[in-house]
Amino acid sequence: TGAIGLYNIGQSCCLNSLLQVFLMNIHFTGILRRITVPPHTEQQRRNVPYQMLLLLEEMQCGKQKAVSPRALACCLSAYRVRLFVQHDAAQLFLTLWNLIKKQMKKPQLVEELSDLYTICVQEHLACQKCSFETKRNSSMLTLPLPVLDSSSHMLKTLEDCLQYFFHPEELTDHNMCFCEECGRKTPFLQSMKLVHLPQTLTIHLKRFCFEKSGYIRKLSHYLPFPQDLDFNVVLTENQCQADESEKAAWKYELFAVVAHSGSTSCGHYCAYIRSLTECKWYCFNDSEVCQVSWDDVKCTYGHSNLHWGETAYLLIYMKKHPQ
């Protein structure tokens, strides 16, 4: 099943959880197995994709219940990924992905990796005084979804968070933009439209928020997310900028949840992952791996009264293939 644990080598629970999500994704490992192996020992030691491949092979070939990610962690430390410190899973995921992409030498593999994970959105800015409008496409690795609205009210479901993220926003008062047509600052309407979704979609629930005092607070309120997610049902026509064939593929099934427990200064990560070969859920908690149920995964929805409790932080959805 590939359900092998990773030993915690000193506050490495965040790294371990993300590695499990990468290595349990057969679409990712299909790319990883085709990398060019660096010719020299020192190059191999400093190559992140190669060290991930060695770790994958050790996990799949060994008989033990867990293996150590020490060689990969030492490799990452050469690229300023600090060891023995608390990491933020969303930031570390971006760092890992960028290192993997940068160090894959085959252009075809780089393109496949980008296709596998990259989201494309179109940013719109429209002047409210005249017809001047700008459009710009941009790529994202994750959808960073707020869990509070502009009035600091809690959003109640993942679908609400998605609708809020793609909802147009009026830029007025001190947020006004300079309009080239009007020659002055005017109110603008800012909106985001969805252009393309990848095979593996990563959603970042922004549960850590900055207070005015500079203190970072964790938002632990109840926020359910579905096993099946269809963007055509969640978003309106105005929130999409894609043709019908693209939108027909926007049906997803939950693949993994990276969950955080504890406080912002003293926390722990684990990963719930659905095996793509068995279709069973597993909890990867460092060296401990056990089979779990969907009800266990739902325990990461959060609870307002349990600020130290386990809450989903990254949601990874996999595109459904037509039967």
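Residues numbered from 1 in each chain as written. Predicted model: local features only at pLDDT ≥ 70, side-chain atom pairs only at ≥ 80, totals over all residues. Heavy atoms only, no water.

**As for the packing of aromatic side chains**
Rules: Any pair of Phe, Tyr and Trp rings, taking the six-membered ring for Trp, is counted once the centres come within 6.5 Å. Such a pair is stacked with planes under 30 degrees apart, edge-to-face with planes over 60 apart, and tilted for the rest. Classification of residues uses two cut-offs on accessible area relative to the type maximum, computed with a 1.4 Å probe and protein chains only: under 20% is buried, over 50% is exposed, and between them is partly exposed. Numbered from the N terminus, helices here are DSSP runs of H or I no shorter than four residues, and strands are runs of E no shorter than two.
With the rule as written, the count across this model stands at 14 aromatic pairs. Considering the side-chain rings of phenylalanine 165 and phenylalanine 166, the 5.0 Å spacing of their centres and the 85 degrees angle between planes classify their relative orientation as edge-to-face. For the residue pair phenylalanine 165 and phenylalanine 166, the accessibility class agrees, reading buried in each case. Between tyrosine 222 and tyrosine 301, the ring centres sit 5.6 Å apart and the planes meet at 80 degrees, which makes this aromatic pair edge-to-face. Here tyrosine 222, found in the loop between β12 (216-218) and β13 (228-230), pairs with tyrosine 301, found in the loop between α11 (294-298) and β18 (311-319); they are 79 residues apart in sequence, far enough to count as distant.

**A word on the domain arrangement of the protein**
To keep things clear, this is the line we draw: Boundaries between domains were set according to an automatic or database domain assignment. Working rule for contacts: check all heavy atoms of both residues, and any pair within 4.5 Å makes them a contact. Reported buried area values correspond to the accessible surface (1.4 Å probe) lost by two parts on association, with both partners' losses combined. By salt bridge we mean one thing: a side-chain nitrogen of Lys or Arg within 4 Å of a carboxyl oxygen of Asp or Glu. Any residue that is not Ala, Val, Leu, Ile, Met, Phe, Trp, Tyr, Cys, Pro, Asp, Glu, Lys or Arg is counted as polar, Gly included; the first ten are nonpolar and the last four charged.
On domain assignment, one finds that the protein holds domain 1 (1-118) and domain 2 (142-167 + 199-322). A C-alpha centroid distance of 22 Å is found between domain 1 and domain 2. Between domain 1 and domain 2, the contact holds 30 residues from the first and 31 residues from the second. Each partner contributes to the roughly 2,400 Å² buried at the junction of domain 1 and domain 2, and carbon and sulfur atoms together form 65% of this total. Applying the counting criterion to the domain 1 and domain 2 interface returns one salt bridge. With seven residues, helix α1 (residues 13-23) is the largest single contributor of residues to the side of domain 1 that touches domain 2. The class makeup of the residues in the side of domain 1 that touches domain 2 is 16 nonpolar, 11 polar and three charged.

**A closer look at the pairing of β18**
Stated formally: Only strands that DSSP links by at least two bridges are regarded as paired with each other.
For β18, the tally of buried residues reaches nine of nine residues, placing the bulk of the element in the interior. The sheet contact formed by strand β10 (residues 200-206) and β18 spans five bridges and is antiparallel. Bridged to threonine 202 within β18 is isoleucine 316. Where strand β14 (residues 251-262) lies against β18, eight bridges are found, and the strand directions are antiparallel. Paired with tyrosine 252 across the bridge in β18 is lysine 319.

**Describing unusual backbone geometry**
Positioned with a positive phi, serine 152 is a non-glycine residue whose angle comes to about 65 degrees. By the secondary structure assignment, serine 152 is in the loop between β5 (143-146) and α8 (158-165). One non-glycine residue, aspartate 173, lies in positive phi territory at about 55 degrees. Here aspartate 173 lies in the loop between β6 (169-171) and β7 (177-179).

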